[in-house]
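A closer look at the structure
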Amino acid sequence: MHDVDQSGSTNTMHIDGADIVEELKFGMMFKSEEELISYYKQYGQQCGFGIMTQRSHRFEDGSIRYVTLGCARGGKARNRKTNVARLRPTSKTECKARINVMFENGVLKVSSVNNSHNRGLSPQKSRFFHCNKKVSESVKRVLDINDQAGIRMDKSFASLVQEAGGFEKLSFIEKDCRNYIDKARHLRLGKGDAGALSEYFTQMQYKNDGFFSLMDMDDEGRLGNVFWADARSRADYKYFGDVVIFDMTYLTNRYGMPFAPFVGVNHHGPSILLGVGLIFSEDTETFIWLFQTWLTCMEGEAPKAIITTQDKAMKNAISLAGMSTTQRSESMNSFFDGYVHAKTSLKEFVDQFDNALRKKIESESEADFQSFNVTIPVVSPSPLEKIFQGIYTCNKFREVQKEVIGMLATLPTLYRKDGIITTYHVEDEVDVDDFIKEVTHTVYFNEAECEVKYSCALFEMRGILCKHVLSIMRVNKVRSIPEKYILDRWRKDIKRTYTLIRSSYDLVDQRPEVSRYSRIIKKCYEVATNTSSCDEHTEDMLAKLDVINLDYRTNKPPSKVVTTNANTTTDASSKKVLSPNVLQGKGRLPSLRKKSMIEKVKPTTKKASQKGKHIQVN
């Protein structure tokens, strides 16, 4: 707890390794402007709001006479853009939370306090506020050195995340680093084979009991099929598992094993991973193994529909697994663009997949922050648009706004009225290859139930009401939206418990020596920053470090040696796991498979039998 007594002195109480600052109160005093701002910023970060200087007045020497610090969301929104269809999002909510501070008797004294905010706060995401973002000099120097050495940006940022102990421990995001070193970079990856993959799955299970994996081997102990999903993906499925995309036109590894991801869509619209497999063959038997394994992972709960390509074996397997399919027309290959590269080993492939997933989780966290703290202005006087503005995430509300704007170009006309059912024809204009085509849609409106049926089926495909329905609701003066047309999956006001589950891939090395090393390195960066300003300080510190280093080197404790077995095995079998044979995909040349900057698979040996041992870690 950070306390200020009447003399202006400060004390810090360390509780569970963290500095806890107390709530701002009338009469609290601070020695300087820097101390005041630092304290209020810490308090805001602890509570979940950003801060800003709302007004101030200074003496002639530049020192503060009085200052008002307040919530960063205080004040009114000012939108100077003339394009009403693309107004700039605003975070302003006219929040009145603020403190007034005046210079009195040589100190800055709090003269009035308002700690009440007009919206909910999220301490876990306060690091995204601009005032809390800071790339320190030591981090800048690391980025500079890495850049000069040719180390890519993604690798530099990943090392900073690893060193800090997770994204949430950093005072900046990757975009801030890219603004400092503006080049596209990728993550550093490890190497391995089937044995390393088996060991990796065992380690992941040890770190997180929600991690699920299954390895299918033939009679010779050679790896056939693999499936895995971490606890975060399994929890995601409970919220976004209604419709799942399964597409085999993805990537392969050096063994030619097709990549088989189960993909969903989260509340912001981007794709998420709901489990993934590497399979040895693309026949019905293999697909049955994959789908049954996936359903087991998801506790037997099947999705309402799986969107797939036209592969016959795949469709047969899905049908035998008791699930329904829908044909898909485009590939989701962009999910892994820039993350997964050619001719990788199995362990490299999984590592690259992990890095892509970590990126997705961080992007979702940023999108959650934006939806929680930013309001997109409405583009019409429609009360229906106002409703969606308040409950939908920013990305989905943008989609709704496109339909609201498109509603203005529609022309609804009454066609027939049968009791409570009214039939409308809605004329619309569609741009097809730079040619305007007139289209007429039919909309049925039930006045008693405020229910609509329509021919364009946008709600069934994308989960939002189309412009044709909105135009009919406007004609009938509908002022509220029936609950059936507000989907929970797009709402921003729902607390989703899966966000509390840490991804297995974000777990850092918990060995004590690694933690100690990290703490020492952080302090060394700080010391280097403070002493490198002049030669005298630099030479003095180097001399002291030499003495300290010599002392620890001659008096170090006995080292501990940890050995591991090179022939990695799993809990289910003492037999070594062999890497799979290289194979060629069924029924098509490798060059025809869609790729993401990656592989050219060479035709090699015949496929091995799929029947054999199963190794499960769940």
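Owing to the predicted nature of the structure, the values given are computational and were not obtained by experimental measurement.

A few words now on the pattern of salt bridges. Across all of its chains, the model carries 16 salt bridges by this definition. With its nearest N and O atoms 3.4 Å apart, the salt bridge here joins Lys 238 to Glu 299. Here Lys 238, found in helix α6 (residues 231–240), pairs with Glu 299, found in the loop between α7 (284–297) and β15 (305–308); they are 61 residues apart in sequence, far enough to count as distant. Judged on exposure class, the residue Lys 238 and its partner Glu 299 are both exposed.

Spatially, the four strands line up as an open sheet ordered β17-β18-β19-β20, and their pairing is antiparallel. At either end of the open sheet lies a strand with only one pairing partner, and these are β17 (411–418) and β20 (451–454). Across the sheet, the mean angle separating the axes of adjacent strands is 30 degrees when strand polarity is ignored. Two strands pair when backbone bridges link them, and strand β19 (residues 435–446) and β20 are joined in this way by four bridges, in the antiparallel orientation. Bridged to Phe 445 within β20 is Val 452. Here helix α13 (residues 467–475) sits on the sheet in contact with β17, β18 (421–432), β19 and β20, set at roughly 135 degrees to β18.

The sheet built from five strands is open, its strands ordered β5-β9-β8-β7-β6 with antiparallel pairing. On the outer flanks of this sheet lie β5 (29–30) and β6 (51–58), each paired with one strand and no other. The sheet contact formed by β5 and strand β9 (residues 107–114) spans two bridges and is antiparallel. Within the sheet, the bridge partner assigned to Met 29 lies in β9 and is Lys 109. Contacting β5, β6, β7 (64–71), β8 (98–104) and β9, helix α1 (residues 33–47) runs over the sheet at an angle of about 10 degrees to β7.

Helix length check: α7 (14 residues) gives 20 Å between terminal C-alpha atoms against 20 Å at 1.5 Å per residue, within 8%. What α7 keeps buried is the set Thr 286, Phe 287, Trp 289, Leu 290, Phe 291, Thr 293, Trp 294, Leu 295 and Cys 297. Phi turns positive, to about 60 degrees, at Glu 299, one or two residues after α7.

Our focus in this paragraph is the pairing of strand β10 (residues 212–217). Among the six residues in β10, six count as buried, and that is most of the element. As paired elements, β10 and strand β11 (residues 223–229) share six bridges and run antiparallel to each other. Across the sheet, residue Met 217 finds its bridge partner in β11, namely Leu 223.

Quick look at helix α8 (residues 312–320) now. Three or more residues of α8 are buried, namely Ala 313, Met 314, Ala 317 and Ile 318. Around the axis of α8, the buried residues are gathered within 135 degrees of arc, so they sit on the same side. For α8, the exposed residues lying more than 90 degrees away from the buried face are Lys 312, Ser 319 and Leu 320.

Glancing now at the side chain of Arg 491. As for its position among the elements, Arg 491 is in the loop between α13 and α14 (512–531). Relative accessible area serves as the criterion here: at 16%, Arg 491 is assigned to the buried category.

Let us look at the pairing of β18. Across seven bridges, β17 lies against β18 in antiparallel orientation. Along β18, the bridge assignment pairs Leu 411 with Glu 427. Here β17 hands over to β18 after two residues, with Gly 419 in that stretch at a positive phi of 65 degrees. With twelve bridges connecting them, β18 and β19 associate as antiparallel partners.

Rules of the game
Residues numbered from 1 in each chain as written. Predicted model: local features only at pLDDT ≥ 70, side-chain atom pairs only at ≥ 80, totals over all residues. Heavy atoms only, no water. Salt bridge = Lys/Arg side-chain N within 4 Å of Asp/Glu carboxyl O. Helix = DSSP H or I, 4+ residues; strand = E, 2+ residues; numbered from the N terminus. Buried < 20%, exposed > 50% of the residue type's maximum accessible area, 1.4 Å probe, protein only. Pairing = 2+ DSSP bridges. Axes fitted to C-alpha atoms, helices over the stretch in contact; angles between N-to-C directions. Contact = heavy atoms within 4.5 Å. Expected span 1.5 Å × (residues − 1). Arc of directions from axis to C-beta.

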